[in-house]
Amino acid sequence: MALVSHSNKACAVNPLKMSQPLGAAYAFMGLAGCMPVMHGSQGCTSFGLVLLVRHFKEAIPLQTTAMNEATTIMGGFDNIEKAILNIHSRTRPQIIAICSTGLTETKGDDVDGFIALVRQRHPALADTAIVYVSTPDYSGAFQDGWAKAVTTLVSQLPEPEAAPVPGAINVLPGAHLSPGDIEELREIIEAFGLQPTFVPDVSGSLDGHIPQEWLGTTLGGTRLADLRALAGASHTLALGEQMHPAALALQARCGVPFTVFDRVSGLTATDALVQKLSELSGRPVPTRLRRQRSQLVDAMLDGHFHFGNVKVALAAEPDLLWQAGMVLSEMGAELAVAVTTTASPLLERLPTPEVLIGDLEDFERLAQAAGATLLMTHSHGRQAAERLGLPLFRLGIPTFDRIGNAHTCHVGYRGTRNFIYQVGNLLIEQIPHHGPQDWPLPAASLAAAATGGPPALAHLSAVIQRLKPPAAGVAAASA
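Structural notes, computed from the coordinates. Here the residue numbers are simple positions, counted from 1 along each chain's written sequence. Under the rules for a predicted model, residues below a pLDDT of 70 receive no local features and side-chain atom pairs below 80 are neither given nor counted, while totals for whole chains, interfaces and linings still include all residues. In computing side-chain properties, one takes all heavy atoms of the structure into account and sets aside hydrogens as well as water.

Side note on the overall build of the protein
And step 1. In DSSP terms, a helix is any run of H or I states spanning at least four residues, a strand is any run of E spanning at least two, and both are numbered starting from the N terminus. Counting its regular elements, the protein contains 18 helices and 14 strands.
And step 2. The globule rule is 2.2 Å times the number of residues to the power 0.38, and the radius of gyration it is compared with is taken over C-alpha atoms. The globule rule puts the C-alpha radius of gyration for 479 residues at 23 Å, and the 30 Å found for the protein is more than 25% above it.
And step 3. Overall, the C-alpha framework of the protein stretches about 130 × 60 × 50 Å when taken along its three principal axes.
And step 4. Using a 1.4 Å probe on the protein chains alone, a residue whose accessible area is under 20% of its type maximum counts as buried, one over 50% counts as exposed, and one in between counts as partly exposed. Buried positions account for 51% of the 479 residues belonging to the protein.
And step 5. Whether two residues touch is decided by their heavy atoms; if any such pair falls within 4.5 Å, the residues are in contact. Once local pairs closer than 6 in sequence are excluded, the contacts in the protein between residues at least 24 apart make up 73%.
And step 6. Positive residues here are Lys and Arg, negative ones are Asp and Glu, while His and the chain termini are left out of the count. One atom stands in for each charge, and that atom is NZ of Lys, CZ of Arg, CG of Asp or CD of Glu. A gap of 6 Å separates the mean positions of the 33 positive and 42 negative side-chain charges of the protein.

Observations concerning the pairing of strand 9 (residues 258–261)
Strand residues, when the strand is regular, have side chains that alternate between the two faces of the sheet.
And step 1. By the alternation rule, side chains of strand 9 split into T259 and F261, which are all buried, and F258 and V260, of which none is buried.
And step 2. Two strands qualify as a pair provided DSSP detects at least 2 bridges between them. Pairing of strand 8 (residues 235–239) with strand 9, which is carried by four bridges, proceeds in the parallel orientation. For L237, the partnering residue across the bridge sits in strand 9 and is T259.
And step 3. Each parallel crossover has a hand, and the one from strand 8 via helix 10 (residues 244–254) to strand 9 is right-handed. Whether a crossover is right-handed comes down to one check: with the strands pointing away from the viewer, does the path from the first strand over the helix to the second run clockwise; if it does, it is right-handed.

Some thoughts on the side chain of N79
And step 1. Looking at the secondary structure, you find N79 in helix 4 (residues 77–91).
And step 2. You can call N79 buried: its relative accessible area is 13%.
And step 3. Pairs of N or O atoms within 3.5 Å make up the polar contacts considered here, provided that, within protein, one atom can donate a hydrogen while the other can accept it, and that residues adjacent in sequence are counted only when both atoms are side-chain atoms. Within the structure, N79 has its side chain in polar contact with the backbone oxygen of A66 (distance 3.2 Å).
And step 4. Those residues in contact with N79, other than ones at most four positions away along the chain, are T65, A66, M67 and T71.

A few points about the packing of aromatic side chains
The relation between two aromatic rings is expressed through the spacing of the ring centres and the mutual angle of the planes.
And step 1. Working definition: rings of Phe, Tyr and Trp (its six-membered ring) pair if their centres are within 6.5 Å, and the pair is stacked with planes under 30 degrees apart, edge-to-face with planes over 60 apart, and tilted otherwise. Per the stated rule, a full pass over the model turns up five aromatic pairs.
And step 2. Residues Y26 and F56 carry aromatic rings whose centres are separated by 5.8 Å and whose planes lie at 35 degrees to one another, so their mutual orientation is tilted. Of this pair, Y26 sits in helix 1 (residues 20–28) while F56 sits in helix 2 (residues 42–56), and the two are 30 residues apart along the sequence. The pair Y26 / F56 is uniform in exposure class, with both members buried.
And step 3. When the ring of Y26 is compared with that of W146, the centres are 5.2 Å apart and the planes differ by 50 degrees; the resulting orientation is tilted. One end of the pair, Y26, is in helix 1; the other, W146, is in helix 7 (residues 142–156), with 120 residues separating them in the sequence. Take Y26 and W146: they sit in the same class, and that class is buried.

Things to note about helix 8 (residues 179–190)
And step 1. Over its 12 residues, helix 8 runs 16 Å from end to end, which matches the ideal 16 Å to within 8%, given 1.5 Å per residue.
And step 2. Residues of helix 8 that are buried include every one of P179, G180, D181, I182, E184, L185, I188 and I189, and no others. Helix span, expected: 1.5 Å multiplied by one less than the number of residues in the helix.

Let's talk about the packing of helix 12 (residues 287–307) against helix 16 (residues 412–429)
And step 1. The geometry of helix 12 relative to helix 16 is characterised by a closest axis approach of 9 Å and an angle of 20 degrees between their N-to-C directions. Relative to helix 16, the element helix 12 lies roughly parallel. In the crossing of helix 12 with helix 16, the sense of the turn from one axis to the other is left-handed. Here L289, Q292, R293, Q295, L296, A299, M300, H306 and F307 of helix 12 lie close against helix 16, whose contacting residues are Y413, R414, T416, R417, I420, Y421, V423, G424, L427 and I428. Lines fitted to C-alpha atoms define the axes, with helix axes restricted to the stretch in contact, and inter-axis angles between N-to-C directions lie between 0 and 180 degrees. Each angle is binned into one of four classes, with values under 35 degrees roughly parallel, values over 145 roughly antiparallel, values of 65 to 115 roughly perpendicular, and all other values oblique. Crossings are sorted by hand: turned counterclockwise from the far helix by less than a right angle, the near helix makes the crossing left-handed, and turned clockwise it makes it right-handed.

Things to note about the sheet that holds strand 7 (residues 195–198)
Whenever strands of a sheet pair, they do so through backbone hydrogen bonds, lying parallel or antiparallel.
And step 1. Strand order in this open sheet of four strands is 7-6-8-9, and the pairing throughout is parallel. In this open sheet, the two strands that pair with only one neighbour each are strand 7 and strand 9. Strand-to-strand twist of the sheet, defined as the mean angle between neighbouring strand axes without regard to direction, takes the value 25 degrees.
And step 2. When strand 6 (residues 168–173) meets strand 8, the two strands line up parallel, connected through five bridges. Among the inter-strand pairings, I169 is bridged to a residue of strand 8, identified as H235.
And step 3. Helix-sheet contacts for helix 10 involve strand 6, strand 8 and strand 9, and the interaxial angle to strand 9 is about 175 degrees.

Observations regarding the nonpolar core
And step 1. Core analysis: the largest hydrophobic core is formed by 105 residues, its most contacted members being F28, V154, L277, M376 and V423.
And step 2. Beyond its immediate stretch of four places on either side in the chain, F28 contacts C34, P36, A97, I98, C99, V131, V133, A149, L153 and T218.
And step 3. Counting 15 residues, the second largest nonpolar core, distinct from the first, contains V37, I87, I96 and V118. By nonpolar core is meant a set of buried Ala, Val, Leu, Ile, Met, Phe, Trp, Tyr and Cys residues that side-chain atoms within 4.5 Å join together.

Describing the sheet that holds strand 4 (residues 95–100)
And step 1. Strand order across the open sheet formed by four strands is 3-2-4-5, with parallel pairing between neighbours. In this open sheet, the two edge strands, each paired with only one partner strand, are strand 3 (63–64) and strand 5 (129–133).
And step 2. Here strand 2 (residues 34–39) runs beside strand 3; their pairing, made up of two bridges, is parallel. Bridge pairing links M38 to T64 in strand 3.
And step 3. Here helix 6 (residues 111–121) sits on the sheet in contact with strand 2, strand 4 and strand 5, set at roughly 165 degrees to strand 5.

What follows is the structure, encoded as structure tokens:
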């Protein structure tokens, strides 16, 4: 078991974690026709907006209640009312999703009461769902905000009496899964004839597609009607330990049983998912998935030569840390350093002596002390990699110095295979290769080169002089 400890520094230096409001806003972006709103100052929203734009290279719909000094002291009701009415009149969203920030949480705004009063004063809002989640950014981290947002959605929007739908299942993906991961999981689930509803579904809104027309809200994702019908599913799959509370909340509201998968990357983890899908559908595992499994086994065989005894320093959100760390361990690598952002039941189960809840300064210091040969974290770890002279495998949000982040896939048989190839190739690049400099010229050759090298014109006679055989007398005397 790993020892979980906290950094004792007075402040974070080169922070690893991102805030709860950003995680909640990111979750709301997986809903169709949604407008996420941060209840706080304009600066809080601007920083989160810029971070997501740089990661996805897409337009991000995110609004703010624009609190200032006066409204913070007097209360934010007027700002929330104006924001809701402006958004409703200009973009006509299906859902307005509000998340708090440290500013308004410190003031203690009763946002649920504000929303009830706004609905009472403006009956025209009856056709718009409005949800609110408390996400103070002075506690928790990115995946905590995501988890709270999803828990709020499944606690308020599903209709418990929804009619059963044959073959329908609910899927609650964690914040560590990219749009590409969700697309791969959808293909796996649909291969068994099941109809998955992902809550939320960022693969529909942040997968980098060009819409047919301009929309002021999110471009796709889980529809409000699908959220209302979650009770009609026969089972719920919660992907990531962070989704356990949301699965419990959905079961309490609608009575839908659930299964939690702490990860869906790696051979044994994907086997468990595929086996569960086979049980739910009553169908055998498709030939295509069996083929992909065989390819993964071959990739593990090819890659284990390069992963063996490699010391990896890994820094990420808890569920992503668990997923990547376990795959690396299964490949024979040593998880020498593990740094994360917030508490999780998974941390003490990691195959490493210690897990530190800290920042990237801690990560750099521990990686150097442990003699790590590979760093894994998001793009803010690039300075540490440069200072230590080590390769960096970018993992998680934000990855702003690479393109195609929405289509990264590290789940299922194919995604795990891709992860092994990508990391393995990076390790191969670090292997020293011999060149001419490894066989230096002798001193005589260097001296000849220093004096000007060979003559400008060299002549070789066409007649090759041969040694004459010794005379018979000379040969006899020698004998």
